Amino acid sequence: MTAAPVTSLPLAGPLGWAASAVDWMAATGRGRLHLYEQPVVVDGAIPIVWGEEAGQAPPLYRRSCAPGAVVAELPEGTVIGPGGAVVTSDGCVLADQIAAVDRAPARHRVWRGSSRAPVHLPGTAAVVAATGGPGGPFGSFLTDTLPRLQLIRDAGIEPDHWIVSGAEQPWHREGLDAAGIDPDAVHLTRWDRPVRAERLIVPSRPGPGPVIAPWARQRLRRLLHAPDRRGTERLLLSSTAAPEHQLVNEPVLAALLADFGFTRVVLEHHHFAEQVKLIGQARCIVATRSAALTHLLHAPAGGTVVEIAPGTGGGPDIGAIAAVADWEHYIVPAAIADPPDDLDPAIEALAVAPGAVLGALAQTLPGIRMRPPRPAAGARLRHPAARRPEPTTAEGPARA
């Protein structure tokens, strides 16, 4: 079905706002609700910092009210901007579609409107464009676009059109293909290309910023046909192709981890479907902080991720994903190193102590028998005693 530009005037700035599509429908008596699930309270997991500054890293949010799952149908709705801001037929912006923890809704660019006339889509169109979320565009695609796509299908709807954020990367096309989306039904939304739909399907977002609703994990796993059985593979996700946080001493770490059954994988060199399969087979992952770790959202529960990160605060996005995915999350602080001559200076280069990585792994994996590093004075480690291996030396069990 071909979209045709309308001959009306350009889209002026919105006139007001509504908290959500559900609120707008209740206030106006217009629209239709296809699916509704209650919000839930999610307790944030506390990542474990391992190394010289061992202890607990406080999460950004200890407790969050994750949004419920809603699929609403609005008459003559408009989508403007790459993040998928929704404007109702009477000019109200849906605040939950532009919400961000670090920006007031009143400062959103959607209020400026557009200098271009909107493109009109006949029939039914669904907006699954993603805002900036965990891990940048790729992370938003996994945690926002794909789960909401499945949410719409769970409501019994297969739209004529899908409105998505534009991306030039292969994973965008490969991911939509894995979801069974016809390329001819995909429409990219930009600031200079508003899209107006005869009937606009608006699914709720999984959450603003670091908050991720459990329903997003459930829907993503269903969409990707993720396995339920916990994997057995041990993976070192190589940072050599990552846009940031590259590990300069990765070859040394890879050689050491290979002795304990770890396989080094450059995830960026694999097709999207292959990436999903690799993470689905993993039980333990070591990686620098990157968008690739958002794959944990669809991985079978019960694994362990060791995140090599600058500083000890940890990435709240990765922490939230690990918590929802029910993966144990360790952080090994790394030093910022001088980048090699062949590395872009804009990419942050890291160097990590391999022994610190092994120390973190020794807490959960059998066969890694390393003496854990001594915690800093006053630090407390959140390790259940039943899972802590007995410290050993080269000569045998350590003695008091």
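Here the residue index of a chain counts from 1 through its sequence in written order. Confidence filtering applies because this is a predicted model: local features only for residues at pLDDT of at least 70, side-chain atom pairs given and counted only at 80 or more, and all residues used for totals across whole chains, interfaces and linings. Note that the side-chain values use all heavy atoms of the structure and ignore hydrogens as well as water.

S.K.: Would you mind showing me how to read helix H2 (residues 136-154) here?
M.R.: Because an α-helix packs 3.6 residues into every turn, residues spaced three or four apart end up facing the same way. Secondary structure follows DSSP: runs of H or I at least 4 residues long count as helices, runs of E at least 2 residues long count as strands, and numbering of each begins at the N terminus. To estimate how far a helix should reach, multiply one less than its number of residues by 1.5 Å. For H2, built from 19 residues, the straight-helix expectation of 27 Å at 1.5 Å per residue is met to within 8% by its first-to-last C-alpha distance of 26 Å. A maximum bend of about 30° is found in H2 at Leu142. Buried residues are those whose accessible area, probed at 1.4 Å on protein chains only, stays under 20% of the maximum for their type, while exposed residues exceed 50% and partly exposed ones sit between those limits. With 15 of 19 residues buried, H2 is to be regarded as a mostly interior element. Backbone geometry just after H2 places Gly156 at a positive phi near 85°. The angle between axes fitted to the seven-residue stretch ending at a residue and the seven-residue stretch beginning at it gives the bend at that residue.

S.K.: Would you explain the pairing of strand E13 (residues 186-189) in this entry?
M.R.: Look at any regular strand and the pattern is simple: side chains alternate between the two faces of the sheet. Only one face of E13 is covered, namely the one carrying His187 and Thr189; the face carrying Val186 and Leu188 has none of its residues buried. Note: two strands are recorded as paired if DSSP finds a minimum of 2 bridges between them. Where strand E12 (residues 161-165) and E13 come together, four bridges link them in parallel fashion. Considered in E13, the bridge of Trp162 is made with Val186. By convention, orient the strands away from the viewer: a clockwise path from the first strand over the helix to the second makes the crossover right-handed. Where the polypeptide runs from E12 across helix H3 (residues 170-178) and back to E13, its parallel neighbour, the crossover connection is right-handed.

S.K.: Honestly, a nonpolar patch on the surface in this entry has me stumped. Any pointers?
M.R.: Nonpolar side chains collect at one region of the surface, where Val22, Leu33 and Tyr36 lie side by side and expose about 260 Å² of accessible area between them. Positionally, Tyr36 belongs in strand E3 (residues 32-37). The residues that make up patches have over 30% relative accessible area and no salt bridge, and they are joined within 9 Å when like-charged or within 5 Å when they are Val, Leu, Ile, Met, Phe, Trp or Tyr. Surface accessibility follows the Shrake-Rupley procedure with a 1.4 Å probe radius. Residue values consider only the protein chains on display as shielding. Put simply, a salt bridge is a Lys or Arg side-chain nitrogen that is within 4 Å of an Asp or Glu carboxyl oxygen.

S.K.: Could you clarify how one ought to interpret the packing of aromatic side chains in this entry?
M.R.: Any aromatic ring pair is given by two values, namely how distant the centres are and how the planes are angled relative to each other. We call Phe, Tyr and Trp rings a pair once their centres come within 6.5 Å, taking the six-membered ring for Trp, and we label the pair stacked below 30 degrees between planes, edge-to-face above 60, and tilted otherwise. For the coordinates displayed, the defined rule picks out three aromatic pairs. With 5.2 Å between their ring centres and 85° between their planes, Phe138 and Trp171 make a pair best called edge-to-face. Taken together, the positions of Phe138 in helix H2 and Trp171 in helix H3 put the pair 33 residues apart, joining distant regions of the chain. Here Phe141 and Phe272 contribute two aromatic rings whose centre-to-centre distance is 6.2 Å and whose plane-to-plane angle is 75°, an arrangement assigned as edge-to-face. Here Phe141 is found in helix H2, whereas its partner Phe272 is found in helix H6 (residues 272-280), with 131 residues between them in sequence. Accessibility assignment for this pair places Phe141 and Phe272 in one class, buried. Members of the aromatic cluster, joined through ring pairs, are Phe138, Phe141, Trp171 and Phe272.

S.K.: In this structure, what is going on with the side chain of Thr88? I would like to understand it.
M.R.: If you trace the backbone, Thr88 turns up in the loop between strand E9 (85-87) and strand E10 (92-94). Residue class for Thr88 comes out buried when judged on its relative accessible area of 4%. Here a polar contact is taken to be a pair of N or O atoms separated by no more than 3.5 Å, where protein atoms must pair a possible hydrogen donor with a possible acceptor and residues adjacent in sequence count only if both atoms sit in side chains. In terms of polar contacts, Thr88 uses its side chain to reach the side chain of Trp24, at 3.4 Å. Discounting chain neighbours no more than four positions away, the residues touching Thr88 are Trp24, Leu74, Glu76 and Leu94. Should any heavy atoms of two residues lie within 4.5 Å, those residues are counted as being in contact.

S.K.: Looking at this structure, I do not really get the packing of helix H5 (residues 250-258) against helix H8 (residues 354-361). What am I missing?
M.R.: To describe two helices that pack against each other, one gives the angle between their axes and the distance between the axes. Axes here mean lines fitted to C-alpha atoms, for a helix over just the part in contact, with angles spanning 0 to 180 degrees between N-to-C directions. Interaxial distance between H5 and H8 falls to 10 Å at its minimum, and their mutual angle equals 35°. Where H5 crosses over H8, the two elements pack in a sense that is right-handed. Two secondary-structure elements touch here, H5 through Val252, Leu253, Leu256 and Leu257 and H8 through Pro354, Val357, Leu358 and Leu361. For this classification, Asp, Glu, Lys and Arg are treated as charged, while Ala, Val, Leu, Ile, Met, Phe, Trp, Tyr, Cys and Pro are nonpolar and the rest, including Gly, are polar. For the contact of H5 with H8, the residue count by class is eight nonpolar, no polar and no charged. If you view the pair so one helix is near and one far, a crossing is left-handed when the near helix is turned anticlockwise from the far one by less than a right angle, and right-handed when it is turned clockwise.

S.K.: Would you take a moment to explain the nonpolar core for this structure?
M.R.: As a rule of thumb, soluble globular proteins bury nonpolar side chains together. Among the nonpolar cores identified, the biggest contains 56 residues, and Leu146, Trp162, Leu237, Phe272, Ile285 and Trp327 are the most heavily contacted of them. At seven residues, the largest contribution of residues to this core is made by H2. Counting residues in hydrophobic clusters, the runner-up holds 25 residues, among them Leu257, Val332, Ala362 and Leu365. Buried residues of nine kinds, namely Ala, Val, Leu, Ile, Met, Phe, Trp, Tyr and Cys, make up a nonpolar core once their side-chain atoms join them within 4.5 Å.

S.K.: Help me understand the pattern of salt bridges, please; the structure alone is not making it clear to me.
M.R.: As enumerated under the stated definition, the model contains 13 salt bridges in all. Between Asp43 and Arg63 there is a salt bridge, with the nearest N and O atoms lying 2.6 Å from each other. Of this pair, Asp43 sits in strand E4 (residues 40-43) while Arg63 sits in strand E7 (residues 63-66); the two residues are 20 residues apart in sequence, bridging distant segments of the chain. Among the residues examined, Asp43 registers a relative accessible area of 47% and is labelled partly exposed. Put simply, Glu37, Asp154, Arg219 and Arg222 are held in one network by salt bridges that share partners.

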